[in-house]
Amino acid sequence: MKKRTVKKNSSSLHSFRCHNLSVQVGEKQVVHSVSLLLRSGETHILMGPNGSGKSTLVGAFMGLPQYKISRGSLQLGKMSLTKAPSEKRAATGLFLGFQNPPVLPGVSALSLLRHARSMKSSGIAPFDLKEFAAILKRAAAQLGIDQSFLTRSLNEGFSGGEKKKSEILQLLMLRPSFAFLDEIDSGLDIDALKVCLDALRAYQAQQNAGLLFVTHNPSLLRYVTPTHVHIMIRGRIVRTGTRDLMDLVADKGFAPFLKPKAL
Amino acid sequence: MPVSQQTKTRISRTISPYRLGFRTKVHEVFRAPRGLSEDVVRLISKQKNEPAWMLEKRLAALQVFYAKPLPTWGGDLSAIDFDSIYYYVKPTKGGAKRWEDVPPNIKKTFEKIGIPEAERKYLAGVGSQFESEVVYHSLQEELRKQGVIFLGMDDALRAHPAIVRKYFGTLVPASDNKFAALNTAVWSGGSFIYVPRGVHVVLPLQAYFRINRQSMGQFERTLIIADEGSSVHYVEGCSAPQYTKDSLHSAVVEIFVKKGAKVQYTTIQNWSDNVYNLVTKRASADQDARMIWLDCNIGSKLTMKYPSIILRGRNARGEIQSLAVAGSLQHQDAGGKVIHAAPDTSSTIVSRSISRDGGRTSYRGLVRIGKAARNATVRVVCDALILDPSSRSDTYPTMIVNEASAKVAHEATVAKISEEALQYLQTRGFTATHASSLIVNGFAEPIVQQLPMEYAVELRRLLELEMTGSVG
């Protein structure tokens, strides 16, 4: 089934790396010298208490202008993305699933994806309209999204769960190589969460994508098998390990990590 | 030195995507001297060999024009210099029935706009007005045989004086407003349509209005009569070259929708931004009749236009759907008016406006439900989208309800394009320009999708072009 694992240029695009990254919001430094390597096919979980800088970090990955990179670098393979605008990052294969996507009056999922499809620079292969419609229909069905939903203004009157599903739908259609999913587990009930994670798992298997989940809730562990787990406290990654780390959080919360850096 | 806002505006105007701003060299057949006077009015009437009653109407209207003050509400009209305007310019000897007979320069102008091509593809008839006169007119033979009349207004006055006299100025009298008076005094060109009882004109009839010279005044007069149980869709488009001196377009449109008939009047107004567009449009709808105004205003310096419907027969329905886009130095003051004068009548007014780059849009609407209009239903929705902090949008709705059984609903929203929404789209691979064009098109779509397909495609493209000039 892995018919697209060997991609053109895959040698240069098989890793996303941030190196010594510091990020400011306004005057305040929120992320301090974070380094992280996400390779194709890997699944990372970034955990930390509220306000530890997780959303800021992935926002900076995607180039959102309110998150200013004050030091360090971002790279996709050998390509530097530190100064690239968001649209360029998207075009090279990055994707951010928003925790709170904004309302887009008049823009439906269908029109967004159809226009994205027509852009040569986008991550999507310019497959034909009929094929596009079929793929979209299938992806929506897979996520349990009603057809009528596709033509509504994005996020206007969407429930928390609908917003998350719409983010995942866009991911499936835009086909990124690396995706950052911010708090995908908030607002989704267990059944819906399972459906979304199944879809992501299938996508990852097919495209060999690298996934980074951001969460403060260790129960995500029940449905995701991470290759790496990072604990972020006050803007720093204080520990990187495997799923044992999540078990520890599930058991004792973040308290063990809140002590001095020596850990 | 930083670039001043004024310079920026000038630059953005120079590179603005108005594609219809070219000029054509034309050897005019006749031109009245600049400015307005009784002599000019007499000259126009004489050129046209009109019956005496029309000259009398014109002269009376001129006095009304002089007597009425400039409106002080709506847009700023103080810069209009009525003395510098050409009120009558005749570009050709007469209207052509065959495209080949149109003078080459004028033909080329309309070919650039795509008129004859459109006619071949999807229109039942075409009229083309250049300056003051209709230079080309055609109607499918089939429709002519069924008794449909589609003529330039001047031709109609010659060929069917009795009908014209019966209806002319009865819905929009010269005394209605200063610009209706001006139009009545100096009118020239426009369309006349008569659809006989029970005849359905399936494909649209189209008229295209072109202003070519600087300081031109265009005053076409349109009269549409849809007899009982008939239907017709009339589409008008317009454009002009860009000049530093202003031109004036002031039309009057009167539409009579008889019992059980249906008329749709679609406008795609794309004047260059040196044109004052001050138009009076009114329709009356008899029992079971249906009138639809679909009014898209993209161009002009200032538009003041409020298509109106008088629902005077039981169960008559009226719809006014409008889209207004105002960019740098533009003001679109538009909306609609509905008078419910009979029982069981219903009306819908939907207005969508977009302001950007310092542009201003205003919705101005009036709905009046008279005492006899039992069980009237009214729905008014106006939505505005503001693209940047220098742009502006206002709403001036008026409702006068004199009948307790009326059902009235009114909604208004103002949305700003949020920085957040643009950034979100950028993370999906869109540039800032493309992102705002996506939002603008999405916002306009409910109106745009009601246009005939060919126009919808063109308008979507136009909105995309408009946006590329405005961001960054």
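Small disclaimer: the values here were computed from a predicted structure and weren't measured. (Residues numbered from 1 in each chain as written. Chains lettered and ligands numbered in written order. Predicted model: local features only at pLDDT ≥ 70, side-chain atom pairs only at ≥ 80, totals over all residues.)

A. Local environment of the overall build of chain B. Helix and strand content of chain B: 12 helices and 24 strands. Over its C-alpha atoms chain B spans a radius of gyration of 22 Å, differing by no more than 12% from the 23 Å that the globule rule assigns to 472 residues. Across its three principal axes, chain B shows a C-alpha extent of roughly 65 × 60 × 45 Å. For chain B, buried positions account for 56% of its 472 residues. Contacts in chain B between residues at least 24 apart in sequence constitute 83% of all its contacts with a sequence separation of at least 6. (Helix = DSSP H or I, 4+ residues; strand = E, 2+ residues; numbered from the N terminus. Rg over C-alpha atoms; globule rule 2.2 N^0.38 Å. Buried ≥ 20, exposed ≤ 12 C-beta atoms within 10 Å, placed from the backbone. Contact = placed C-beta atoms within 7 Å.)

B. Quick peek at the confidence of the model for chain A. Residues of chain A with pLDDT of at least 70 account for 90%, and the chain-wide mean is 88. Low pLDDT, under 50, characterises residues 1-12 of chain A; the predicted model gives this stretch 9 contacts beyond four residues in sequence or across chains. (pLDDT = per-residue confidence, 0-100.)

C. The arrangement of the sheet that holds strand E5 (residues 79-80) of chain A in detail. All names here are of chain A. Spatial ordering of the open sheet is given by E2-E1-E4-E5, a layout of 4 strands whose pairing is antiparallel. Two strands in the sheet have a free side with no partner beyond their single neighbour: strand E2 (28-39) and E5. Direction of pairing for strand E4 (residues 68-76) relative to E5: antiparallel, over a ladder of 2 bridges. In the strand pairing of E5, Leu 76 is matched with Met 79. Contacts between helix H2 (residues 54-62) and the sheet are confined to strand E1 (15-25), E2 and E4, with E1 contributing the most and set at about 115 degrees to the helix. (Pairing = 2+ DSSP bridges. Axes fitted to C-alpha atoms, helices over the stretch in contact; angles between N-to-C directions.)

D. Molecular detail of the pairing of strand E6 (residues 191-195) of chain B. All names here are of chain B. Across the 5 residues of E6, 5 count as buried, placing the element largely inside the fold. Here E6 shows two buried faces, one formed by Ser 191, Ile 193 and Val 195 and the other by Phe 192 and Tyr 194. Pairing of strand E5 (residues 149-152) with E6, which is carried by 4 bridges, proceeds in the antiparallel orientation. Across the sheet, the residue bridging to Phe 150 is Ile 193, located in E6. Two strands pair when backbone bridges link them, and E6 and strand E9 (residues 221-226) are joined in this way by 4 bridges, in the parallel orientation. In the strand pairing of E9, Ile 193 is matched with Ile 224.

E. Seen up close, helix H3 (residues 52-67) of chain B. All names here are of chain B. Its 16 residues place the ends of H3 23 Å apart at the C-alpha level, agreeing with the 22 Å of an ideal helix rising 1.5 Å per residue. Those residues of H3 that fall on the buried side of the exposure criterion are Lys 57, Arg 58, Ala 61, Leu 62 and Phe 65. Around the axis of H3, the buried residues are gathered within 140 degrees of arc, so they sit on the same side. Away from the buried face of H3 by more than 90 degrees, exposed residues Ala 52, Trp 53, Glu 56 and Ala 67 are located. In this structure, the buried residues of H3 make contact with helix H2 (38-47) and helix H9 (178-186). (Expected span 1.5 Å × (residues − 1). Arc of directions from axis to C-beta.)

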